[in-house]
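In case you want the letters, here they are:
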Amino acid sequence: EPEVTQTPSHQVTQMGQEVILRCVPISNHLYFYWYRQILGQKVEFLVSFYNNEISEKSEIFDDQFSVERPDGSNFTLKIRSTKLEDSAMYFCASNRVGIRTDTQYFGPGTRLTVL
Amino acid sequence: DQQVKQNSPSLSVQEGRISILNCDYTNSMFDYFLWYKKYPAEGPTFLISISSIKDKNEDGRFTVFLNKSAKHLSLHIVPSQPGDSAVYFCAATGFGNEKLTFGTGTRLTIIP
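On a predicted model such as this, the values are computed, not experimentally measured, just so you know.

This brings us to the environment of Arg36(A). Residue and element names in this part refer to chain A. Mapped onto the elements, Arg-36 comes out in strand β4 (residues 31–37). Assessed through its relative accessible area of 10%, Arg-36 is described here as buried. The spacing of Arg-36 and Pro-2 is 34 residues in sequence and 22 Å in space, taken between C-alpha atoms. Beyond its immediate chain neighbours, meaning those up to four positions away, Arg-36 contacts Lys-42, Val-43, Glu-44, Leu-46, Ile-60, Glu-85, Asp-86, Ala-88, Met-89 and Tyr-90.

The structure is reproduced here in structure tokens:
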């Protein structure tokens, strides 16, 4: 069965450093998403991406965050200058034709620890 | 921001019995609702969804009920199996929207 993959599984970084989290969505999917889950809290939407541009973003997704689909297969989330409060599990997700008509598949997540 | 609430952080059910997980929402613009299951160290897995034009949707052992007037939905699992032990999240989205708003989750434990 096709799956969304994410690398690395765990990233440790110093506060103020840039991190790039990588995702490979399912190959025929057109909608891509990033979510995060701070330990013990709910899963929170960050951003959705369709047709090579951001379609929606949350208030969490400020100027420190950016997304890119650099080569038609990878989908990346960059955090320019990490803060302690960015420590969380980051999940990538994708679906073929949108949430209402198609199953959204999540990757296993990247645990980001900011020291 | 508590637009989607799951008031029971945990639930224990005997194997073979019915599990009922509840979810309440406050945003009247939500018109599509989903349930996800999550095991430790994995991403959420889609279970079942329901549009606001329906009040029930069934898929095998899973049934979701929607009560729009009460802004309440529930997930019924019957019969419950040990493999159902996981954290269950409800989520909601509004028309023309790809943003999911999640609840805080309910940890379901099925007792053999």
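Now that the structure has been shown, we can carry on.
We now examine the pairing of strand β6 (residues 53–57) of chain A. Residues and elements named next belong to chain A. Bridging between strand β5 (residues 43–50) and β6 involves four bridges; their strand directions are antiparallel. Across the sheet, residue Phe-49 finds its bridge partner in β6, namely Ile-54. What sits between the antiparallel neighbours β5 and β6 is a turn of two residues, in which Asn-51 has the positive phi angle 55°.

Turning our eyes to something else, we now look at a nonpolar patch on the surface. A cluster of nonpolar side chains, Ile18(B), Ile20(B) and Val78(B), forms an exposed patch at the surface whose accessible area comes to about 230 Å². Within the secondary structure layout, Ile18(B) lies in the loop between β2 (10–14) and β3 (19–25).

Evaluation of the coordinates by the stated rule reveals four salt bridges over all chains. Glu58(B) is the salt-bridge partner of Lys56(B), the closest N and O atoms lying 3.9 Å from each other.

On the side of chain B, 23 residues touch chain A, which itself brings 20 residues to the contact. Here chain A packs against chain B, burying approximately 1,800 Å² in sum over the two surfaces, 56% of which is carbon and sulfur. Among the residues of chain A in contact with chain B, Lys42(A), Ile99(A) and Arg100(A) are the three that bury the most area, contributing 39% of the side total. Applying the counting rule to chain A against chain B returns one salt bridge.

The next point concerns the environment of Asp62(A). All names here are of chain A. As for its placement among the helices and strands, Asp-62 is situated in the loop between β6 and β7 (65–68). Under the relative-accessibility criterion, Asp-62 is labelled partly exposed at 33%. A sequence separation of 20 residues divides Asp-62 from Thr-82, and the C-alpha atoms of the two residues are 12 Å apart.

Residues and elements named next belong to chain A. According to the stated counting rule, one finds two disulfides over all chains in the structure shown. Disulfide pairing is shown between Cys-23 and Cys-92; the S-S distance is 1.9 Å. For the disulfide bridge between Cys-23 and Cys-92, the dihedral angle about the S-S bond is near -60°, and by the sign convention the bridge is left-handed. Residue Cys-23 is located in strand β3 (residues 19–24), and its partner Cys-92 is located in strand β9 (residues 88–95); the two are separated by 69 residues in the primary sequence. Overall, Cys-23 belongs to the buried group, its relative accessible area being 0%.

About the thresholds
- Residues numbered from 1 in each chain as written.
- Chains lettered and ligands numbered in written order.
- Predicted model: local features only at pLDDT ≥ 70, side-chain atom pairs only at ≥ 80, totals over all residues.
- Heavy atoms only, no water.
- Helix = DSSP H or I, 4+ residues; strand = E, 2+ residues; numbered from the N terminus.
- Buried < 20%, exposed > 50% of the residue type's maximum accessible area, 1.4 Å probe, protein only.
- Contact = heavy atoms within 4.5 Å.
- Pairing = 2+ DSSP bridges.
- Patch = residues over 30% accessible without salt bridge, like charges linked within 9 Å, V, L, I, M, F, W, Y side chains within 5 Å.
- Areas by Shrake-Rupley, 256 points an atom, 1.4 Å probe, with all protein chains shown as cover.
- Salt bridge = Lys/Arg side-chain N within 4 Å of Asp/Glu carboxyl O.
- Buried area = accessible area lost by both parts, 1.4 Å probe.
- Disulfide = S-S within 2.5 Å.

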